[in-house]
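So the chains spell out like this:
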Amino acid sequence: MSSALTDLFPHPIVQAPMAGGVSVPQLAAAVSEAGGLGFLAAGYKTADGMYQEIKQLRGLTGRPFGVNLFLPQPEHADAASVEVYAHQLAGEAAWYETELGDPDSGRDDGYDAKLAVLLDNPVAAVSFHFGVPKQEVLESLRRAGTLTLVTATTAEEALSAQRAGADAVVVQGIEAGGHQGTHRDNPETDGTGVGLLTLVARVRETVGIPVVAAGGIMRGSQIAAVLAAGANAAQLGTAFLATPESGASAVHKQALTDPLYVRTELTRAFSGRPARALANRFMREHGPYAPAAYPEVHHLTLPLRKAAARAGDAQGMALWAGQGHRMARDLPAGQLVEVLNAEIAAAETALSAAAEIPEEGAAR
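Computed from a predicted model, the values in this text were never measured in an experiment. (Residues numbered from 1 in each chain as written. Predicted model: local features only at pLDDT ≥ 70, side-chain atom pairs only at ≥ 80, totals over all residues. Heavy atoms only, no water.)

Colleague: Mind laying out the environment of A333, listing which residues take part and the relevant values?
Modeller: Take A333: it is sitting in helix α14 (residues 333-356). Taking the C-alpha atoms as reference points, A333 and A34, separated by 299 residues in sequence, lie 8.3 Å from one another. Every residue in contact with A333, bar those within four places of it in the chain, is listed here: L27, A30, V31, F240, T243 and E245. (Helix = DSSP H or I, 4+ residues; strand = E, 2+ residues; numbered from the N terminus. Contact = heavy atoms within 4.5 Å.)

Below, the structure is given as structure tokens:
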């Protein structure tokens, strides 16, 4: 198996690219400087906005880092269901004194323009969410010296990524916060995702490319567990969301460990695609009625989420978080990488020591 990916960073720790302003250059730089692999999230940004963040990040670190792209989504949403949902959200718009967004604000997230920037200004790694890029895209990035990763939520999706020529696969368990990176948005499969350890084992038996495990990981002992299961590295999002360098709002950070938020749920309420967040009022009231319509619902609810954030109202925000959110630690990102790495070493030492203990009754 190629070590080109893990050669980029000495510690098996990848900072997840969290769109919406969380994965800012300061966070990615701190992680990369500490020996992990920092990532920028290009989702919901313009191509120029992405380029400016890349330039800023290069001014903060000379270490490798990555950029994440969202794949353009096929047009399959039912316009009538989106309109019905908009009527349901009218009360929210009145409450927050804002207008609903235009659901037809665009489907491709500036994908082609962002690819052009990344080919002209190559970064160490580019990862993809919501599908598999065309083979020629992966090949062009490889020629530019960029390693490519594709998110997969099943062994079959991982195999598709390998066949297309991806250098590695990010295996996302059902525990993960934010959007599930499923390649097809099928409402019939909502909530049927596989837990991370089982998924890593399945994928490891299916593909021969490096595996990065993602989903609910908050401690170094969990990283050691996925490494033992066959992963080459672990990707952490919620753990870094709580750091002072992240661009998440103070309300979002505080909610991670607030006793008021006891669980996370997968919901379509905010974007029209399954995404895990802290269960709040907006999810309870609107989640059951949200249509399978991404990015239409994302555009529709964006002004509401922004207004709620301005008002400091966590009950109306999309509080993306993985299942391990209560284990969040308020540490600087670089220090968190160091702590996680020490925990990995301690877990591996304990495992080795346990393996050397003779079984009861064994010859001494």
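Text resumes after the structure shown.
Colleague: Lay out unusual backbone geometry with the relevant residues and their values.
Modeller: At the junction of Y294 and P295, the peptide bond is cis and its omega measures out at 10 degrees in the coordinates. Relative to the elements of secondary structure, P295 occurs in the loop between α12 (281-286) and α13 (296-310). Despite not being glycine, D109 shows a phi value in the positive range, around 55 degrees. As for its placement among the helices and strands, D109 is situated in the loop between α4 (90-95) and α5 (111-120).

Colleague: Talk me through the pairing of strand β4 (residues 125-129); I want residue IDs and the actual numbers.
Modeller: Where burial is concerned, most of β4 is hidden: five out of the five residues are buried. Burial along β4 is two-sided: the face carrying A125, S127 and H129 and the face carrying V126 and F128 are both buried. Pairing of strand β3 (residues 65-70) with β4 involves five bridges; the strand directions are parallel. Within β4, the position partnered with F70 by the bridge is H129. Relative to strand β5 (residues 147-152), β4 runs parallel, the two being bridged by four bridges. Looking at β5, one finds that F128 is bridged to V150. The parallel pair β4 and β5 is bridged by helix α6 (residues 135-143), and the resulting crossover is right-handed. (Buried < 20%, exposed > 50% of the residue type's maximum accessible area, 1.4 Å probe, protein only. Pairing = 2+ DSSP bridges. Right-handed = clockwise from strand over helix to strand, strands pointing away.)

Colleague: For the sheet that holds β4, give the residues involved together with the corresponding values.
Modeller: The sheet built from eight strands is open, its strands ordered β1-β9-β8-β6-β5-β4-β3-β2 with parallel pairing. Looking at strand neighbours, the two that pair on one side only are β1 (13-15) and β2 (38-41), the edges of this open sheet. With direction set aside, neighbouring strand axes in the sheet form an average angle of 25 degrees. Bridge count for strand β6 (residues 168-172) against strand β8 (residues 211-214) is four bridges, and the pairing is parallel. Bridging across to β8, V170 finds its partner in V212. (Axes fitted to C-alpha atoms, helices over the stretch in contact; angles between N-to-C directions.)

Colleague: Quick rundown of the packing of aromatic side chains? Include the residues and the values.
Modeller: For any two aromatic rings, the description comes down to two numbers: the centre-to-centre distance and the angle of the planes. According to the stated counting rule, one finds five aromatic pairs in the structure shown. An angle of 80 degrees between the planes, with centres 5.3 Å apart, marks the rings of Y44 and F70 as edge-to-face. Of this pair, Y44 sits in the loop between β2 and α2 (47-60) while F70 sits in strand β3; the two residues are 26 residues apart in sequence, bridging distant segments of the chain. In this structure F70 comes out as buried when scored by relative accessible area, which is 8%. Ring plane angle 85 degrees and centroid distance 5.7 Å describe the contact between F270 and W320, whose orientation is recorded as edge-to-face. In this pair, F270 sits in the loop between β10 (264-267) and β11 (275-278) while W320 sits in the loop between α13 and α14, placing the two residues 50 residues apart along the sequence. Each member of the pair, F270 as well as W320, carries the same accessibility label: buried. Aromatic ring contacts, followed pair by pair, group Y44, F70, F130 and Y294 into a single cluster. (Phe/Tyr/Trp six-rings, centres within 6.5 Å; stacked < 30°, edge-to-face > 60°.)

Colleague: Any details on the sheet that holds β10? Residues and values, ideally.
Modeller: Strands sit in the order β7-β11-β10 across an open sheet of three strands; the sheet is antiparallel. The sheet is open, and its two borders are formed by β7 (178-179) and β10, each paired with just one other strand. Here β7 runs beside β11; their pairing, made up of two bridges, is antiparallel. In the sheet register, G178 faces β11, and the bridge partner there is R276.

In short, shape yes, function no, at least from these values alone.
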